Amino acid sequence: MAIDVLERDDLLFPRSLLEFQRLFPDEAACAAYLERARWGDGFVCPRCGTTGEPYRYSARPGVLCCRKCRRETRLTAGTVMERTHTPLSVWFWAAYLVASQTPGMSAVQFQRQLGLSRYETAFQILHKLRVGMVRPDQDRIGGKPGEAVEADETWVGGRTRGKGRGVHNMVLVAGAVEVRQRKRAGSLNKRKTGRYAGRVRLALVPDRSAKSLGGFIERTVAPGTRIITDDWSGYADLNKRGYDHVSIAERGDPQVAEEFMPIIHLVFSNLKTWLRGIHHGVSPQHLQAYLNEFTFRFNRRFYPFNAFRSLLGIAGDVRAPTYAELYAAKSRTTTSSGCL
Ligand SMILES: [Zn+2]
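Let me begin by describing the structure that accompanies this report. Here the structure is a predicted model, which is why all the values come from computation and not from measurement.

Scanning the chain from N- to C-terminus turns up eleven helices and eight strands. Going through the 340 residues of the chain one by one, you find that 31% of them count as buried. Within the chain, contacts between residues separated by at least 24 positions form 60% of all contacts whose residues are at least 6 apart in sequence.

This is the structure:
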């Protein structure tokens, strides 16, 4: 089960550029951060299990050496930074940019921001960081008593003026989102009921059949969860599939569904705005990767800290993707994107 917030006072996340520069001024500061992220209670030698202060080299801040067995341990082992010659500070700055930027930043813009002389370096860093975002979150949402999930489907894309912008063909996207309730829906929140979106799951589906939509729900929502949908036949068998299904009688009026399922409609609306902001157009064969990136950003929108760590591969359970995997046609890796 994913937990969204890692409460670690010793692992601060910068809230501004100024704070970023203060926290990560040089290689040593980045190395110290990596060390704390990996060993919250102090270094443990991966080979012999010895605890206690390791030897350190001032010229190689990314390496720790066990006092007992003399084995050297790289801080970047198992992270996205492993086996690269790029300084840690560049990686940190890159992950900060990607975690906090809107989509569609080109490798050229990235190169300029990072002050890199080689385009290829910027390109590879950007790709490695993005792999963490386009890998789908695998655990199922919902599953909490008293918490509902709204599910619906929407058409994305369509005809666009001119080429090179937007999605060129209409595709069907299924979505499910946890509906959470603010503890105190007090006077500060007058227009709403205090409901807000928890985690979201999105996927391309071939059609609106019960097989496609029900299959999507089974893959993405924990059994037993209360699910709210409209009264489309594609959702009619959700009770049989083991869910507590509530169907809203739409009676041909889409406004009704929007009123009773405001959260998933908000997600769809955010998604479409976000896709329109992508510069080079989204072709249907790449759309699932963009849906995953949107999901990554959306699910961590309150926790840029988690996004930053997930991108660098220091969130705990993420292993570094290899170069071959990065450029393989399909990413087979299925971890939970390091959502701790
Ligand atoms: Zn050792």
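There's more to say after this.
So, about helix α9 (residues 284-299). The first and last C-alpha atoms of α9 sit 23 Å apart over 16 residues, in line with the 22 Å expected at 1.5 Å per residue. Listed as buried for α9 are Tyr290, Leu291, Asn292, Thr295, Phe296 and Asn299. On its buried face, α9 is in contact with α5 (119-134), β5 (171-181), β6 (195-205) and α8 (262-276).

Pairing in this open sheet of five strands is mixed, and the strands run β6-β5-β4-β7-β8 from one edge to the other. One side of each edge strand has no neighbouring strand; the edge strands of this open sheet are β6 and β8 (244-248). Averaged over neighbouring strand pairs, the angle between their axes works out to 25° when direction is ignored. When strand β4 (residues 148-156) meets strand β7 (residues 226-230), the two strands line up parallel, connected through three bridges. Pairing of Glu150 across the sheet is with Ile228, part of β7.

The sheet built from three strands is open, its strands ordered β1-β2-β3 with antiparallel pairing. Each end of this open sheet is capped by a strand with a single partner; those strands are β1 (55-57) and β3 (72-74). If you compare each strand with its neighbour and ignore which way they point, the axes differ by 35° on average. For strand β2 (residues 60-65) and β3, the ladder comprises three bridges, and the chain directions are antiparallel. Of the residues in β3, the one forming a bridge with Cys65 is Glu72.

Relative to the elements of secondary structure, Ala37 occurs in helix α2 (residues 27-38). Sequence-wise, Ala37 and Arg309 are 272 residues apart; in three dimensions their C-alpha atoms are separated by 9.0 Å.

As a further point, take the environment of Ala307. Looking at the secondary structure, you find Ala307 in helix α10 (residues 304-312). Under the C-beta neighbour-count criterion, Ala307 is labelled buried, with 26 such atoms within 10 Å. When the C-alpha positions of Ala307 and Ala95 are compared, they lie 8.5 Å apart, and in sequence the two are 212 residues distant. Contacts of Ala307, omitting those with residues within four sequence positions, involve Ala99 and Arg300.

On to α10, then. Of all nine residues that make up α10, eight are buried, and the element is covered over most of its length. Taken together, the buried positions of α10 are occupied by Phe305, Asn306, Ala307, Phe308, Arg309, Ser310, Leu311 and Leu312. Packed against the buried residues of α10 are α2, α3 (88-100) and α5. Phi turns positive, to about 80°, at Gly313, one or two residues after α10.

Analysis parameters
Counting restarts for each chain, with residues numbered from 1 along the sequence as it is written. Totals for whole chains, interfaces and linings use all residues, but because this is a predicted model, local features are given only for residues with pLDDT of at least 70 and pairs of side-chain atoms are given and counted only at 80 or more. By the criteria applied, helices consist of DSSP H or I runs no shorter than four residues and strands consist of E runs no shorter than two, each listed in order from the N terminus. With C-beta atoms placed from the backbone, the exposure class of a residue follows from how many other C-beta atoms lie within 10 Å of its own: 20 or more, buried; 12 or fewer, exposed; in between, partly exposed. Any residue pair is listed as a contact if its two C-beta atoms, each placed from the backbone, are within 7 Å. Here the expected span of a helix is defined as 1.5 Å times the quantity of residues minus one. Strand pairing is assigned whenever DSSP detects at least two bridges linking the two strands. For helices, the axis comes from a line fit to the C-alpha atoms of the stretch in contact; other axes are also lines fit to C-alpha atoms, and the angle between any two N-to-C directions lies between 0 and 180 degrees.

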